[in-house]
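Each chain is listed here by its residues.
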Amino acid sequence: MRTLIISLLILLNFILESTLFQYTRIFGVKPDFTIILITSYAIMQGSAAGSFIGLASGLLQDLFFGSAMGVNGLSYMLTGYLIGQSNENVFKDSFVPSIIFNIGAVFVYQHLFFLITYFSKNNISYIYALINIMIPQSIYNAILGPIGYRLLYKLDEKSFMDNKIY
């Protein structure tokens with residue numbers, strides 16, 4: 001049942017990210033709800049869950065919107081894996097880890113994405129990306145991350161979510 005619910009969350013997040021969440025932009029930057037989903041499950045369940053959700057979410061985005069297949073999938077998967085490495089050392093009932101890990105996850109994802117696209121000969125200024133995308137998006141995710149984390153944490157505590165996804 002857990003696999004079905006998480007798959008539906010990934011699909012719902014993809015649909016909302018590509019439609020409704022486009023209108024949540026502030027100064028041209030929107031929060032990355034995929035990062036919030038990945039970070040939340042990486043904190044709660046560990047690297048395997050974070051990697052799985054990251055890869056599935058990223059490949060879905062690459063399939064529909066990516067110019068190169070696998071860029072988002074690889075970036076999100078590695079982000080989920082790295083965030084999930086510390087799940088045993090995190091107090092999961094607190095909202096503070098969600099703030100810290102959402103900030104870190106945005107920077108990890110954006111840097112991985114930047115490096116991959118840089119080597120594919122796309123001319124993106126690092127300073128521009130840092131100032132106009134990474135910093136504002138990490139602040140935005142730090143604000144919304146605890147809300148998403150709390151909702152996903154409550155969902156994950158339900159009795160029908162007792163089996164693992166891996």
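Heads up: the structure comes first, above all this text.
Everything numeric here is computed off the predicted structure, so don't read it as measured data. (Residues numbered from 1 in each chain as written. Predicted model: local features only at pLDDT ≥ 70, side-chain atom pairs only at ≥ 80, totals over all residues. Heavy atoms only, no water.)

1. Details of the packing of helix 2 (residues 33-45) against helix 6 (residues 126-156)
We count it as follows: In this description, a line fitted to the C-alpha atoms serves as the axis of each element, helices being fitted only across the stretch in contact, and the angle between N-to-C directions of two axes falls anywhere from 0 to 180 degrees. Secondary structure elements are defined from DSSP: runs of H or I of at least 4 residues count as helices, runs of E of at least 2 residues count as strands, and each element is numbered from the N terminus. Angle categories: roughly parallel below 35 degrees, roughly antiparallel above 145, roughly perpendicular from 65 to 115, and oblique for all the rest. Take the far helix as the reference: if the near one is turned anticlockwise from it by less than a right angle, the crossing is left-handed, and if turned clockwise, right-handed. By definition, residues are in contact when any of their heavy atoms lie within 4.5 Å. Three categories are distinguished: nonpolar for Ala, Val, Leu, Ile, Met, Phe, Trp, Tyr, Cys and Pro, charged for Asp, Glu, Lys and Arg, and polar for the others, with Gly belonging to the last.
Taken N-terminus to C-terminus, the directions of helix 2 and helix 6 make an angle of 50 degrees; their axes are 9 Å apart at the nearest point. One way to sum up the angle between helix 2 and helix 6 is to call them oblique. With respect to the hand of their crossing, helix 2 and helix 6 are arranged in right-handed fashion. Seen from helix 2, the contacting residues are Phe33, Ile35, Ile36, Leu37, Ser40, Tyr41, Ile43, Met44 and Gln45; seen from helix 6, they are Asn141, Leu144, Gly145, Gly148, Tyr149, Leu152, Tyr153, Leu155 and Asp156. Within the contact of helix 2 with helix 6, the residues separate by chemical class into twelve nonpolar, five polar and one charged.

2. Examining a nonpolar patch on the surface
This is how the line gets drawn: Each patch groups residues whose relative accessible area exceeds 30% and which form no salt bridge, using 9 Å between like charges and 5 Å between nonpolar side chains of Val, Leu, Ile, Met, Phe, Trp and Tyr. Here the Shrake-Rupley method, with its probe set to 1.4 Å, supplies the accessible areas, and only the displayed protein chains count as covering residues. Here a salt bridge means any side-chain nitrogen of Lys or Arg lying within 4 Å of a carboxyl oxygen belonging to Asp or Glu. Only protein chains enter the accessibility calculation, which uses a 1.4 Å probe; a residue whose area is less than 20% of its type maximum is buried, one above 50% is exposed, and one in between is partly exposed.
Taken together, the side chains of Leu55, Leu59, Leu63, Phe64, Phe65 and Met69 present a nonpolar region at the surface, about 630 Å² in accessible area. Position of Leu59 relative to the elements: it lies in helix 3 (residues 47-65). Residue Leu59 is classed as partly exposed on the basis of its relative accessible area, which comes to 32%.

3. Quick look at the environment of Ser94
Note the threshold: In the analysis that follows, any N or O atom pair within 3.5 Å is treated as a polar contact, provided that within protein one partner can donate a hydrogen and the other can accept it, and provided that, for residues neighboring in sequence, both atoms belong to side chains.
Of note, Ser94 is situated in the loop between helix 4 (71-84) and helix 5 (96-119). Counting along the chain gives 52 residues from Ser94 to Pro146, while the straight-line C-alpha distance between them is 8.9 Å. Non-local contacts of Ser94, meaning those with residues more than four positions away in its chain, are made with Tyr149 and Arg150. A distance of 3.1 Å separates the side chain of Ser94 from the backbone nitrogen of Val96, its partner in a polar contact.

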